[in-house]
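As a plain string of letters, each chain reads:
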2 protein chains.
Amino acid sequence: MSDTAGPSRRREETRRRLLEAAAEVFAEVGMDAASVEVICDRAGFTRGAFYSNFASKDELFFALVGLVAQERVRSVADRVAALEADGALDMTADNVVEVVSRVLEIGPEDRLGVLLFNEIRIHALRAPELAAAYLEQDTAILDSVARLVDDIVAGKDIRFRLEPRAVARLLMTVWESTSVRGVMAGLPPAELARHTGEELGRVAAALIER
Amino acid sequence: MSDTAGPSRRREETRRRLLEAAAEVFAEVGMDAASVEVICDRAGFTRGAFYSNFASKDELFFALVGLVAQERVRSVADRVAALEADGALDMTADNVVEVVSRVLEIGPEDRLGVLLFNEIRIHALRAPELAAAYLEQDTAILDSVARLVDDIVAGKDIRFRLEPRAVARLLMTVWESTSVRGVMAGLPPAELARHTGEELGRVAAALIER
DNA sequence: GTCTATAGGAAGATAGAC
DNA sequence: GTCTATCTTCCTATAGAC
């Protein structure tokens, strides 16, 4: 019964390994320069197995974009929920900075994550179907962060100089651009996270009404 | 004498047309997916002419990156110089917003410009030589904008809540991310420029001490 | 300087064995 | 389900004519 209902466990595992390998290769050399064969080698399969699981390289890419988007949205939502549950929102203006940088430690903090994120972004700039998916996840993350900002503001003595949504947008933007420049400068992972966190903190602090 | 000194006028013109066509094609489909043949067709030449002017597609891309970077830096520097010469810096807090959005109308405001800029960016993320060039132009533009912010502050009753360089960085970052989302949403050129300008204005306003 | 012709290779995708 | 073998297409780069 469990066999007729859906794809077998083995098949799922193969798909997963192929997607994982593809994420690496796409990040490293880009979707267009990535050959199906290299992806298969990395995953420990041959092209036959690949085409038994995906109709084309494009289909694999689309599937991967969906997964990455879902994962990012979930990751941020989880952090926000955790902060809210912790009661960490009883804060002073001083540790807003800390909270902010903690939430925005979104998925791609490592070099490959930043690369994959940007690879997806440029393909979304060119393909309308991808653009829709990209903007959707972007909005979902924005919503999460904006809600957190909203919660921070509500009933506290902290006020921002922009509406919550604009604050959230700015933080996301700073996170993204700082991490890109960090990767480009060749910062090691620890430095990358620290530097991005500091930048976020400075901007958040400047936006707090005092 | 004019012939022995350097490349002929005709040759320069061919190079220029090839570079121009390449900029379009790279923006549209990306450097890896762009074939030399399509670039040549677009420029009105054949591959023979191409390889007489460039050793490889990579060399063409590097040359193009250099040109684009140079052009961007010059464009921003010119605008800043023009504003300083105009005495447009005698301003009140109210029109800082206007000035800011005027300066940051940097080159790529159209769809293709944004695409090309992002294409260059992701290649710079992967190739250290390109990364150095990218960071260099980024810093040069940052310097220009920071100087402008500095001039605005000096001797006026306007003060920002961040140091000039941080303000400049934030404005560049907002410009970049807003234009990307605008292109992705399919905004027509006029809307794209207007929307980006408004966003920049809002952020600038929030950073002015009052 | 630019063209045509072509060598040489790489990669996407399919068919059929196991 | 996965593998090997193969078809086919496309592309980079070169050589030599004009």
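Everything quoted here is computed from the prediction, not taken from an experiment. (Residues numbered from 1 in each chain as written. Chains lettered and ligands numbered in written order. Predicted model: local features only at pLDDT ≥ 70, side-chain atom pairs only at ≥ 80, totals over all residues. Heavy atoms only, no water.)

Q: In this structure, what is going on with the protein's contact with DNA strand D? I would like to understand it.
A: Neighbouring residues of DNA strand D: 18 residues in total, closest S8, T14 and T46 of chain A together with R47 and Y51 of chain B. At the protein interface, 64% of the atoms of DNA strand D within 4 Å belong to sugar or phosphate. T46 of chain A has a polar side-chain atom sitting 2.9 Å from a phosphate oxygen of DNA strand D. Between DNA strand D and R47 of chain B there is a distance of 3.5 Å, counted from a base nitrogen to a side-chain nitrogen or oxygen. (Near = heavy atom within 4 Å. Polar contact = N/O pair within 3.5 Å; in protein donor to acceptor, adjacent residues only side chain to side chain.)

Q: Where do I start with the packing of helix α2 (residues 9-29) of chain B against helix α5 (residues 57-86) of chain B in this structure?
A: If you want to describe how two helices pack, look at the angle between their axes and the distance between the axes. All names here are of chain B. At a minimum axis separation of 10 Å, α2 and α5 run at an interaxial angle of 90°. What the angle tells us is that α2 and α5 run roughly perpendicular. Contacts between α2 and α5 pair R15, L19, A22, A23 and F26 from the former with K57, L60, F61, A63, L64 and L67 from the latter. Class assignment of the residues belonging to the contact of α2 with α5 gives a composition of nine nonpolar, no polar and two charged. (Axes fitted to C-alpha atoms, helices over the stretch in contact; angles between N-to-C directions. Helix = DSSP H or I, 4+ residues; strand = E, 2+ residues; numbered from the N terminus. Parallel < 35°, antiparallel > 145°, perpendicular 65-115°, else oblique. Contact = heavy atoms within 4.5 Å. Nonpolar A, V, L, I, M, F, W, Y, C, P; charged D, E, K, R; others polar.)

Q: I would appreciate a short explanation of the relation of the copies chain B and chain A in the present structure.
A: Both copies of the chain are related through a single rotation about an axis accompanied by a shift along the same axis. Least-squares fitting of chain B to chain A yields an RMSD of 0.1 Å, with the transformation described by 0.0 Å of translation along the axis and a rotation of 180°. Interpreted geometrically, this transformation is the action of a two-fold axis. Residue D32 of chain B of chain B places its C-alpha closer to the rotation axis than any other residue of that unit, at 2.9 Å. Residue by residue, 100% of the interface of chain B is reproduced at the interface of chain A, so both copies engage with the same surface. (Least-squares fit on C-alpha atoms with pLDDT ≥ 70 in both.)

Q: Would you take a moment to explain the packing of aromatic side chains for this structure?
A: Each aromatic ring pair is described using two quantities: the centre-to-centre distance and the angle formed by the ring planes. Residue and element names in this part refer to chain B. One pass over the structure, following the stated rule, counts 10 aromatic pairs over all chains. Considering the side-chain rings of F26 and F61, the 5.5 Å spacing of their centres and the 80° angle between planes classify their relative orientation as edge-to-face. Here F61 lies in helix α5 and F26 lies in helix α2, a separation of 35 residues in the sequence. Here the aromatic rings of F117 and Y134 are separated by 6.1 Å at their centres, their planes lie at 35°, and the arrangement is tilted. In this pair, F117 sits in helix α7 (residues 111-126) while Y134 sits in helix α8 (residues 128-153), placing the two residues 17 residues apart along the sequence. A relative accessible area of 6% means that F117 is categorised as buried. (Phe/Tyr/Trp six-rings, centres within 6.5 Å; stacked < 30°, edge-to-face > 60°. Buried < 20%, exposed > 50% of the residue type's maximum accessible area, 1.4 Å probe, protein only.)

Q: It is not clear to me how the side chain of R181 of chain A should be interpreted in this structure. Could you clarify?
A: As for its placement among the helices and strands, R181 of chain A is situated in helix α9 (residues 164-184). Discounting residues that sit within four places of it in the chain, R181 of chain A has contacts with L135, D138, R169 and T173 of chain B.

Q: What exactly am I supposed to notice about the interface of chain B and chain A here?
A: Often, the extent of an interface is quoted as the loss of accessible area upon association of its parts. Across the boundary between the two partners, chain B contributes 40 residues, which contact 40 residues of chain A. Approximately 3400 Å² of surface area, both sides summed, lies buried where chain B meets chain A, with 61% of it carried by carbon and sulfur atoms. If you sort the residues of chain B by the area they bury against chain A, L125, R161 and M184 of chain B come out on top, with a joint share of 23%. Linking chain B with chain A are six salt bridges, by the criterion used here. Ionic pairing is found between E209 of chain B and R161 of chain A, a salt bridge with its closest N-O pair at 3.9 Å. (Buried area = accessible area lost by both parts, 1.4 Å probe. Salt bridge = Lys/Arg side-chain N within 4 Å of Asp/Glu carboxyl O.)

Q: Explanation requested: the environment of A205 of chain B in the structure shown.
A: Residue and element names in this part refer to chain B. In this structure, A205 sits in helix α10 (residues 189-207). Here A205 falls in the partly exposed class, since its relative accessible area comes to 35%. Each C-alpha atom of the pair A205 and V97 lies 6.4 Å from the other, and the pair is 108 residues apart in sequence.

Q: Can you help me understand the protein's contact with DNA strand C in this one?
A: As a matter of local geometry, DNA strand C sits amid 18 residues, with V36 and Y51 of chain A together with S8, T14 and T46 of chain B nearest to it. Considering the 4 Å shell around the protein, atoms of DNA strand C inside it are sugar or phosphate in 63% of instances. Within the backbone of A34 of chain A, an N or O atom sits 3.5 Å from a phosphate oxygen of DNA strand C. Interatomic distance of 3.0 Å between a side-chain N/O atom of Y51 of chain A and a phosphate oxygen of DNA strand C. Contributions of two or more residues to the surface near DNA strand C are made by α4 (47-53) of chain A together with α2 and α4 (47-53) of chain B.

Q: Whenever I open this one, the nonpolar core confuses me. Can you help?
A: Generally speaking, soluble globular proteins have nonpolar side chains that are buried together. Ranked by internal contacts, the top residues of the largest apolar core, which has 136 residues, are F26, F160 and L207 of chain A together with F26, F160 and L207 of chain B. Looking at this core element by element, the count peaks at 11 residues for α8 of chain B. Excluding its chain neighbours within four sequence positions, the residues that come into contact with L207 of chain B are A206 and L207 of chain A together with R159, F160, R161, L162, V167 and L170 of chain B. (Core = buried A, V, L, I, M, F, W, Y, C linked by side-chain atoms within 4.5 Å.)

Q: What is the right way to look at the domain arrangement of chain A in this model?
A: Residues and elements named next belong to chain A. The assigned domain composition of chain A is domain 1 (1-54) and domain 2 (57-206). One C-alpha centre belongs to domain 1, the other to domain 2, and the line joining them spans 28 Å. Listed as interface residues are 17 residues of domain 1 and, on the opposing side, 13 residues of domain 2. Roughly 1400 Å² is buried in total at the junction of domain 1 and domain 2, and carbon and sulfur atoms are behind 76% of that figure. Across the domain 1-domain 2 interface, the total number found is zero salt bridges. Linking domain 1 with domain 2 are three residue pairs in polar contact (both at pLDDT 80 or more). Mapped by element, the contributors of at least two residues to the side of domain 1 that touches domain 2 are α2 (9-29), α3 (36-43) and α4. In terms of residues, the side of domain 1 that touches domain 2 owes the most to one element, α2, which gives eight residues. Here the side of domain 1 that touches domain 2 is built from residues that sort into 11 nonpolar, two polar and four charged. (Domains from an automatic or database assignment.)

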